6 protein chains.
Amino acid sequence: MLRKEKFSDKAEILTEAIPYFLRFRDKIFVFKIGGKILDYEEAFETVAEDIVVLSLVGIKPIIVHGGGKEITRFLELLGIKSEFKDGIRETDDRIMEAVEMVLDGKMNGRFVSAICKKGGKAIGISGRDNFFFVSERVRGRVGTIKSVKADDILKIVQMGFIPVFSPITVSREGLSMNTNADEVACELAISLSAEKLIILTDEDGILDKDNKLIKSISDSEAERLISEGVITGGMIPKVRLALKAVKNDVKKVHIISGLIEHSILLEIFTDEGIGTEIVR
Amino acid sequence: MLRKEKFSDKAEILTEAIPYFLRFRDKIFVFKIGGKILDYEEAFETVAEDIVVLSLVGIKPIIVHGGGKEITRFLELLGIKSEFKDGIRETDDRIMEAVEMVLDGKMNGRFVSAICKKGGKAIGISGRDNFFFVSERVRGRVGTIKSVKADDILKIVQMGFIPVFSPITVSREGLSMNTNADEVACELAISLSAEKLIILTDEDGILDKDNKLIKSISDSEAERLISEGVITGGMIPKVRLALKAVKNDVKKVHIISGLIEHSILLEIFTDEGIGTEIVR
Amino acid sequence: MLRKEKFSDKAEILTEAIPYFLRFRDKIFVFKIGGKILDYEEAFETVAEDIVVLSLVGIKPIIVHGGGKEITRFLELLGIKSEFKDGIRETDDRIMEAVEMVLDGKMNGRFVSAICKKGGKAIGISGRDNFFFVSERVRGRVGTIKSVKADDILKIVQMGFIPVFSPITVSREGLSMNTNADEVACELAISLSAEKLIILTDEDGILDKDNKLIKSISDSEAERLISEGVITGGMIPKVRLALKAVKNDVKKVHIISGLIEHSILLEIFTDEGIGTEIVR
Amino acid sequence: MLRKEKFSDKAEILTEAIPYFLRFRDKIFVFKIGGKILDYEEAFETVAEDIVVLSLVGIKPIIVHGGGKEITRFLELLGIKSEFKDGIRETDDRIMEAVEMVLDGKMNGRFVSAICKKGGKAIGISGRDNFFFVSERVRGRVGTIKSVKADDILKIVQMGFIPVFSPITVSREGLSMNTNADEVACELAISLSAEKLIILTDEDGILDKDNKLIKSISDSEAERLISEGVITGGMIPKVRLALKAVKNDVKKVHIISGLIEHSILLEIFTDEGIGTEIVR
Amino acid sequence: MLRKEKFSDKAEILTEAIPYFLRFRDKIFVFKIGGKILDYEEAFETVAEDIVVLSLVGIKPIIVHGGGKEITRFLELLGIKSEFKDGIRETDDRIMEAVEMVLDGKMNGRFVSAICKKGGKAIGISGRDNFFFVSERVRGRVGTIKSVKADDILKIVQMGFIPVFSPITVSREGLSMNTNADEVACELAISLSAEKLIILTDEDGILDKDNKLIKSISDSEAERLISEGVITGGMIPKVRLALKAVKNDVKKVHIISGLIEHSILLEIFTDEGIGTEIVR
Amino acid sequence: MLRKEKFSDKAEILTEAIPYFLRFRDKIFVFKIGGKILDYEEAFETVAEDIVVLSLVGIKPIIVHGGGKEITRFLELLGIKSEFKDGIRETDDRIMEAVEMVLDGKMNGRFVSAICKKGGKAIGISGRDNFFFVSERVRGRVGTIKSVKADDILKIVQMGFIPVFSPITVSREGLSMNTNADEVACELAISLSAEKLIILTDEDGILDKDNKLIKSISDSEAERLISEGVITGGMIPKVRLALKAVKNDVKKVHIISGLIEHSILLEIFTDEGIGTEIVR
């Protein structure tokens with residue numbers, strides 16, 4: 001029998017992760033980090049750590065972040081009122097300026113900084129730079145994505161950087177547009193045929209009619225749960241985007257809580273996971 | 001004799017630029033675009049155009065922008081008072097947050113957007129991302145540069161992108177810091193042994209004691225003009241940084257006006273130039 | 001309003017060319033430079049300048065030159081008579097030797113030299129070297145092209161050189177052959193799926209029945225003009241080759257005059273152009 | 001406070017390893033796996049796992065193995081007697097054949113196989129192939145290393161393979177030679193300026209005069225311990241080789257037990273370590 | 001007339017080989033070196049020389065060797081009996097250990113060494129390393145090939161090495177298996193779409209019913225000769241593998257004698273050849 | 001004993017060349033092919049064959065050719081008189097035109113063609129193209145070399161081509177100049193630190209005072225032979241250039257006869273050689 005030492009358990013955990021390391025090597029994982037999580041300073045920390053771990057074991061993470069609550073606070077500070085329609089804020093020119101200041105000037109930097117402090121090579125990029133995410137006007141300054149410059153994003157990833165995108169898009173004419181961050185992450189994952197799209201929310205995942213967490217769900221089952229009214233509210237558009245993703249060559253979508261410590265690593269590196277996975 | 005056509009003159013101008021194209025091919029030009037210029041919507045346009053032209057004829061531009069006036073306006077809006085010391089705003093945590101929102105969330109985007117609309121592949125990056133510009137605390141949240149991650153910046157340039165940096169730096173601990181944009185541009189140029197450091201201001205260049213523009217000046221002459229009190233005020237630290245640059249392998253520094261139409265192209269592609277060049 | 005300076009107009013012309021620079025970046029342009037133009041020392045100069053400009057803004061030019069008149073002069077000097085049939089000189093072994101001496105030993109050098117003097121990285125290559133252009137005997141030493149070693153030509157272009165080919169081809173057995181330069185250029189453009197094939201002649205382009213220049217013409221219209229006898233003489237085989245090119249993936253063929261100053265730049269970088277373009 | 005889940009501790013261990021991952025990324029670690037450890041089937045397993053973990057987090061492991069005991073057994077089976085001198089078996093032609101059969105035909109395969117089963121891309125190579133390790137005759141078929149083909153070994157490592165070398169070397173004339181495995185590992189580490197040389201034995205490390213494990217020791221201290229007779233027996237040549245390595249640009253040498261579970265990971269990824277490290 | 005010197009004939013032979021050099025440049029040749037040939041020390045020498053010549057003129061050789069007789073001798077020495085069934089030794093665990101010791105620990109080294117001594121960059125690799133050749137159990141430890149890791153083998157070849165594989169394969173679970181060397185060579189050639197599969201035996205090739213060597217034979221003719229009983233004994237499975245190879249994109253299979261001096265060069269570099277070639 | 005077959009001797013010759021192949025792999029050999037040899041159609045053939053063999057076994061040949069006699073003939077045909085001074089023809093503008101027509105339009109093509117027919121990837125390039133060889137005016141149109149664009153020549157070689165240069169150089173202003181071909185070859189060899197400079201003449205090499213061929217000679221001995229009057233006439237400048245070459249990092253210079261069949265291969269691939277080698 002081999003002798004065990006004080007930290008042998010720690011070492012064992014590393015070796016237990018080998019099959020996961022092997023399976024996901026060089027694969028692209030797109031993360032959507034929800035606005036609400038960004039309110040918990042502490043969540044930041046472990047999410048950043050988890051992403052750095054992934055990058056160090058050969059996975060290629062790309063992040064899209066939100067920031068809704070912070071925008072609301074800033075608009076209130078400025079005395080500007082805004083309303084939501086179909087899950088996205090009605091955005092005029094003045095609100096758009098505030099959206100950019102909060103997303104590109106505050107939220108993006110906070111997240112990039114958290115990753116860099118842990119040793120990750122993160123760079124923050126506005127989704128509208130270089131026409132990375134081109135959108136079409138829905139109304140006002142709200143846009144829906146028409147194309148993603150996947151080649152240029154891949155180049156940045158292959159140089160070893162972890163790109164962190166704000167969900168600002170750009171019209172063909174070059175005007176910045178406000179786009180739903182879930183949509184940005186979903187279209188990004190599709191354009192890169194990502195291995196995984198991981199949506200971090202402040203909920204545990206999809207719950208069944210008895211309010212129990214569903215571990216895994218197929219696209220058809222998800223559609224049924226929506227039609228039966230089990231999936232409701234803000235979760236509906238998230239699930240719809242997840243379904244779009246798995247139907248367009250994204251291998252798996254995960255909806256997990258960002259408020260569970262190391263939820264990302266737990267979802268990826270344990271067999272049980274801790275949220276809901278959606279597969280085709 | 002060859003026949004001339006309506007636009008022959010235009011074609012001739014292109015061919016006259018050949019020697020300049022050849023001389024500067026693949027060379028790195030660092031631009032500091034001053035905050036004041038950024039107030040003139042029109043100046044933006046031609047500066048952006050000029051930079052796109054440079055990138056298309058094989059020059060590698062990198063931009064550092066300022067944004068002081070806009071920060072002042074925003075601080076006033078928020079009812080925050082701030083003072084300047086040694087050419088840089090005294091910065092506490094609350095002011096720093098405002099600085100980032102204006103620089104990363106507004107000014108950076110405006111400039112990147114202007115270049116992208118003209119066809120340039122610009123991406124905006126906060127100087128603090130990826131520990132690109134590490135600074136040491138001077139006081140409060142004001143920092144002075146200690147190191148530049150030149151290798152990573154070169155990688156981005158060599159992929160064909162035009163990086164546009166905000167003058168936000170980062171302490172070794174990961175805290176964002178406010179740093180003078182001229183200093184950021186100067187240290188960047190030195191770290192890359194740039195061919196040129198071009199400082200765009202709202203003045204025509206260095207003036208002599210008769211208020212006439214000095215076309216070209218050596219480092220020793222510049223030092224004499226400072227000591228004789230000919231160079232004064234805000235121009236002194238700019239000239240000091242220029243001298244530091246030319247003493248550290250930057251081939252030439254240009255101080256030119258951003259308010260003259262196409263001043264960049266005129267300075268680079270005509271023999272007379274339109275501003276002041278500082279050489280060793 | 002921005003201040004304008006003496007040369008602002010010049011700068012503006014550079015910026016107006018941006019869309020053209022962007023559109024043609026890294027694209028291959030094949031040029032046929034007609035023998036007659038090569039008689040005008042002055043034409044040389046601007047053609048060479050134009051080609052260097054193209055290469056400096058990222059376009060990949062490849063040149064095929066003619067040299068008929070000069071061959072005739074040399075044959076006369078040697079007291080050798082020769083006749084033309086179907087637009088190509090009847091060529092026996094003795095004439096072939098003279099053809100090579102003039103094309104490879106005189107005309108090629110003159111053109112390469114003109115480009116190099118302007119700063120272009122031109123290298124002159126006989127079309128028969130390395131079996132670049134393999135031809136099949138038509139009669140005597142006259143050959144028609146059977147294959148082009150496009151891969152090797154691309155390699156030379158991608159190293160940054162501007163290849164200048166003489167229209168000498170080679171039989172499968174290694175015997176040098178005389179081939180129509182228009183045909184060489186056309187087959188080269190087809191083999192590389194060139195963006196443009198530009199034929200420089202001493203005429204302005206294709207004229208309509210009222211002797212007015214046709215700016216743009218489709219392949220079917222061109223065929224109609226030939227059958228109606230509007231296009232006549234030496235222009236017929238040129239147009240037929242142009243039609244072959246556009247039917248085989250060359251995007252556009254231009255027939256322009258080499259005797260207009262900077263005709264190449266005017267045709268490529270202005271919307272009106274100065275010759276005739278043939279499109280599918 | 002973030003919610004903790006069942007496996008949160010596991011995830012935390014991964015994130016605690018980040019600083020080590022960052023420090024050792026792309027660094028070369030040379031391992032000597034002692035013959036005695038190779039007798040413990042179980043030790044194999046965790047050593048192989050540990051090496052696969054290292055390779056997956058970006059470290060470049062290269063292995064040299066021993067196999068003395070197994071050779072002795074095989075020689076006994078064949079009825080051949082052999083003696084040791086200066087820590088290496090006296091080797092004639094007949095014994096050499098047996099040495100190769102055991103090392104290349106049995107021990108090498110066992111270790112390569114263990115790594116491959118865990119997911120590592122190991123390939124077994126005899127140290128004499130391709131003149132990788134050229135030795136000079138000491139006596140009989142015993143050789144001491146004169147040169148290492150470091151370039152070719154680097155190529156194999158950079159392709160992503162984990163080379164596992166048997167300690168067979170080759171004379172300049174191409175004759176296979178028996179060489180001490182510690183020496184092979186030491187010279188390999190020196191030739192590659194390895195980050196670490198890790199010697200796995202069946203002892204815990206270097207013990208002080210009170211038989212307590214010495215955690216860290218400088219080269220001068222080690223020399224003193226040898227001269228004072230504290231370090232004795234088979235540990236002396238190992239320590240001498242370790243000293244040679246640290247004096248020749250190998251950053252650190254570790255002498256650790258292969259009989260402690262996951263000793264490699266514990267030594268590398270914990271601050272205390274579990275063996276002795278020798279530094280300059 | 002050119003003067004001839006003493007060695008002019010030698011030079012002429014080199015130049016006569018040009019067409020063969022040109023035809024086979026960068027092509028992959030898979031060699032099976034039969035166990036029986038490996039018994040003739042002398043045959044080794046010229047086979048090794050021939051393979052080094054091929055590698056130096058740009059051909060990419062890969063070798064699979066046998067070693068049956070030597071295994072038999074070793075088993076006898078150990079007092080172990082073994083039987084053959086369908087051309088492969090019935091193999092239990094004890095026999096497998098002996099097989100590996102002989103193939104990986106003796107035969108492989110002998111062949112690698114012979115090539116290296118002549119200047120070739122040979123490295124010996126067990127077919128089971130890195131799961132290069134995965135097999136499925138037939139019975140006991142006898143396996144038949146299911147997959148070949150062609151990409152990794154190509155990488156090794158493209159780095160300039162000559163891989164020499166022992167015919168040991170590996171089960172999906174990582175257990176080493178005994179596989180017919182002809183089969184290993186055949187599957188390797190197929191997986192790489194090799195230009196040639198060259199089987200070196202101790203016979204001259206395929207003989208017709210009058211015992212005369214057949215120079216060239218199509219697949220259908222070969223099948224006829226088997227059914228007519230002309231091809232018999234151990235040659236039948238060899239021919240069947242050859243037929244499988246040519247039906248699966250291997251251009252040509254050669255069955256030649258390793259006992260004719262320089263048989264490889266003679267077969268490849270002369271028009272007549274010296275063995276039998278099998279084509280589709 | 002191995003059986004020998006009809007062509008075994010041929011195969012043996014190939015294997016005897018292995019050590020030479022190994023020694024010269026990837027090395028640059030610069031050849032000067034003298035004008036006089038170019039008069040012998042037959043010499044062409046074997047020289048071309050020899051060069052193709054070298055290129056196929058991994059050597060990188062570059063050729064500089066002469067052509068003096070042919071120029072004289074052509075000038076006579078044109079009724080132009082010319083004189084020699086210091087081993088180079090006095091050259092005015094009219095003569096220069098003739099020189100170019102003969103060298104670039106006739107001799108270059110003949111040699112390129114001979115190599116291509118044998119399968120070599122030769123391309124003929126005038127030494128003046130791309131400012132490859134820049135010279136300074138001596139008098140009239142005679143120039144002496146000032147710089148060689150070695151980087152660009154290396155690029156062409158590394159793409160796999162065999163460049164064949166005519167000895168035309170170019171003044172800094174772009175005027176073609178007549179330069180001694182031995183000098184061109186010598187400067188080329190120096191600029192590339194070539195392994196060998198091989199000068200093919202119509203003499204057997206350097207003869208001693210008894211008219212016997214000197215096989216090998218040091219630089220100091222050569223200088224002595226010149227001062228003693230043993231080396232005379234046209235051989236003096238050749239030897240002086242050879243001395244310059246070996247003093248400037250060219251490993252060896254060979255002066256050999258092009259009129260001995262396969263003299264290149266004999267000199268390189270046999271120990272005795274057939275001409276004179278000059279070493280430092």
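Further up the page is the structure itself.
Heads up: these notes are all about the structure in this document. Per chain, residue numbering runs from 1 following the sequence as it is written. The lettering of chains begins at A and the numbering of ligands begins at 1, in the order of writing. Residue-level local features of this predicted model are given only where pLDDT is at least 70; pairs of side-chain atoms are given and counted only at 80 or more, and the full residue set underlies all totals for whole chains, interfaces and linings. In computing side-chain values, all of the structure's heavy atoms are included and hydrogens and water are not.

Mapping chain D onto chain A is achieved by rotating through 180° and translating by 0.0 Å along the same axis, at an RMSD of 0.0 Å. Given the turn and translation reported, the copies of this chain are related as if by a two-fold rotation axis. Distance from the rotation axis, computed per C-alpha, reaches its smallest value in chain D at V57 of chain D: 2.3 Å. The copies were overlaid by least squares, fitting only the C-alpha atoms of residues that reach a pLDDT of 70 or more in each copy.

By definition in these notes, contact holds between two residues if any of their heavy atoms fall within 4.5 Å. With 34 residues of chain B at the interface, the matching set in chain A holds 34 residues. Throughout, buried area stands for the accessible area (probe radius 1.4 Å) lost by two parts on being put together, summed over both. Around 2,700 Å² of area is buried between chain B and chain A when both sides are counted, 61% of it from carbon and sulfur atoms. Ranking the residues of chain B by area buried against chain A places M101, N130 and M159 of chain B at the top, with a combined share of 20%. The term salt bridge refers to a side-chain nitrogen of Lys or Arg lying within 4 Å of a carboxyl oxygen of Asp or Glu. Where chain B touches chain A, the interface holds four salt bridges. Residue K106 of chain B pairs with E97 of chain A through a salt bridge whose shortest N-O separation is 2.4 Å. Polar contact criterion, stated in full: a pair of N or O atoms within 3.5 Å, where within protein one must be able to donate a hydrogen and the other to accept it, and residues adjacent in sequence count only if both atoms are side-chain atoms. Counting across the interface, chain B meets chain A through twelve residue pairs in polar contact (both at pLDDT 80 or more).

What follows deals with helix 5 (residues 93–117) of chain F. All names here are of chain F. Secondary structure counts use DSSP, requiring at least four H or I residues in a row for a helix and at least two E residues in a row for a strand, with both numbered from the N terminus. What a helix should span is 1.5 Å times the count of its residues minus one. The terminal C-alpha atoms of helix 5, which comprises 25 residues, lie 35 Å apart, in line with the 36 Å expected from a rise of 1.5 Å per residue. Here the bend at a residue means the angle between the axes of two seven-residue stretches, the one that ends at it and the one that starts at it. Of all the bends in helix 5, the greatest measures close to 35° and is centred on N108. Just past helix 5, the residue G119 takes up positive phi, approximately 110°.

For the rest of this paragraph, the subject is the sheet that holds strand 13 (residues 252–257) of chain B. Residue and element names in this part refer to chain B. When DSSP finds at least two bridges between two strands, those strands are taken to pair. The mixed open sheet is built from eight strands, whose spatial order is 5-8-2-1-11-13-14-12. Each end of this open sheet is capped by a strand with a single partner; those strands are strand 5 (122–126) and strand 12 (216–218). On average, each strand axis in the sheet is inclined to that of its neighbour by 20°, with strand direction left out of account. Inspection of the sheet shows strand 12 paired to strand 14 (residues 276–279) by three bridges, in the parallel sense. Note that in strand 14 the partner of S216 across the bridge is E277. Here, axes are lines fitted to C-alpha atoms. For helices the fit covers the stretch in contact, and angles between N-to-C directions go from 0 to 180 degrees. Where helix 8 (residues 219–227) meets the sheet, it contacts strand 12 and strand 14, and its direction lies at approximately 90° from that of strand 12. Packed onto the sheet, helix 9 (residues 235–247) meets strand 1 (28–33), strand 11 (196–201), strand 13 and strand 14 and runs at close to 155° relative to strand 13.

Moving on, we get to the nonpolar core. Each nonpolar core is a collection of buried residues, namely Ala, Val, Leu, Ile, Met, Phe, Trp, Tyr and Cys, held together in the definition by side-chain atoms within 4.5 Å. Think of it in three bands: with a 1.4 Å probe and only protein chains considered, a residue is buried below 20% of the maximum accessible area for its type, exposed above 50%, and partly exposed in between. In terms of nonpolar packing, the biggest core is built from 358 residues, with F269 of chain A, F269 of chain B, F269 of chain C, F269 of chain D, F269 of chain E together with F269 of chain F touching the most fellow members. The residues touching F269 of chain B, leaving out its near neighbours within four places in the chain, are Y20, F21, V53, L54, V57 and I59 of chain B together with L14 of chain C.

Residues and elements named next belong to chain C. Among all positions in helix 8 (residues 219–227), only D219, A222, L225 and I226 are buried. Looking straight down helix 8, one finds its buried side chains confined to an arc of 120°; they lie on one side. Packed against the buried residues of helix 8 are strand 12 (216–218), helix 9 (235–247) and strand 14 (276–279). After helix 8 finishes, the residue G229 shows a positive phi value of roughly 80°. Note: the arc covers the axis-to-C-beta directions of the helix.

It is worth spelling out the sheet that holds strand 2 (residues 60–65) of chain D at this point. Residues and elements named next belong to chain D. If you walk across this open sheet you meet the eight strands as 5-8-2-1-11-13-14-12, and the pairing is mixed. The sheet is open, and its two edges are formed by strand 5 (122–126) and strand 12 (216–218), each paired on a single side. Adjacent strand axes in the sheet meet at a mean angle of 20° when their direction is disregarded. Bridging between strand 5 and strand 8 (residues 162–166) involves five bridges; their strand directions are parallel. Bridging from a neighbouring strand, I125 pairs with F165 of strand 8. Relative to strand 1 (residues 28–33), helix 3 (residues 41–56) is tilted by about 170°, and along the sheet it contacts strand 1, strand 2, strand 8 and strand 11 (196–201). Strands strand 1, strand 11, strand 13 (252–257) and strand 14 (276–279) of the sheet are contacted by helix 9 (residues 235–247), whose axis makes an angle of about 155° with strand 13.

The two copies are related by a screw operation: chain B maps onto chain A through 180° of rotation and 0.0 Å of translation along the axis, at an RMSD of 0.0 Å. Both copies present the same face, since 100% of the interface residues in chain B are matched by interface residues at the equivalent positions in chain A.

Bringing the interface of chain D and chain A into the picture now. Tallying the contact residues gives 42 residues for chain D and 42 residues for chain A. Summed over both sides, the interface of chain D with chain A buries roughly 3,900 Å², with 69% coming from carbon and sulfur. A salt bridge links E16 of chain A to K10 of chain D; its shortest N-O distance comes to 3.3 Å. Every element with two or more residues in the side of chain D that touches chain A is listed here: helix 1 (8–16), helix 2 (18–24), helix 3 and helix 10 (263–269) of chain D. Per element, the largest residue contribution to the side of chain D that touches chain A is nine residues, and it comes from helix 3 of chain D. Under the scheme applied here, ten amino acids are nonpolar (Ala, Val, Leu, Ile, Met, Phe, Trp, Tyr, Cys and Pro), four are charged (Asp, Glu, Lys and Arg), and all others, including Gly, are polar. For the side of chain D that touches chain A, the per-class residue count stands at 20 nonpolar, eight polar and 14 charged.

Residues and elements named next belong to chain F. For the pair helix 8 (residues 219–227) and helix 9 (residues 235–247), the least separation of the axes is 10 Å and the interaxial angle reads 155°. Judged by the inter-axis angle, helix 8 sits roughly antiparallel to helix 9. As for the relative orientation of helix 8 and helix 9, their crossing is left-handed in sense. Contact residues: helix 8 offers D219, A222, E223 and I226, while helix 9 offers I236, V239, R240, L243, V246 and K247. Orientation labels follow simple angle bins: below 35 degrees gives roughly parallel, above 145 gives roughly antiparallel, 65 to 115 gives roughly perpendicular, and whatever is left gives oblique. Two helices that cross are described as forming a left-handed crossing if the nearer one is turned anticlockwise from the farther one by less than a right angle, and a right-handed crossing if clockwise.

Here we take up the packing of helix 4 (residues 68–77) of chain C against helix 5 (residues 93–117) of chain C. Residues and elements named next belong to chain C. Between helix 4 and helix 5, the least distance of the axes is 9 Å, while the angle of their chain directions is 130°. For the element pair helix 4 / helix 5, the angle class is oblique. Here the hand of the crossing between helix 4 and helix 5 comes out right-handed. Contacts between helix 4 and helix 5 pair E70, I71, F74 and L75 from the former with I95, A98, V99, M101, V102, L103, K106, M107 and R110 from the latter. The residue makeup of the contact of helix 4 with helix 5, split by class, is ten nonpolar, no polar and three charged.

Another point: the environment of G79 of chain E. Note on placement: G79 of chain E falls in the loop between helix 4 (68–78) and strand 3 (84–85). Placed 101 residues apart in sequence, G79 of chain E and N180 of chain E show a C-alpha to C-alpha distance of 23 Å.

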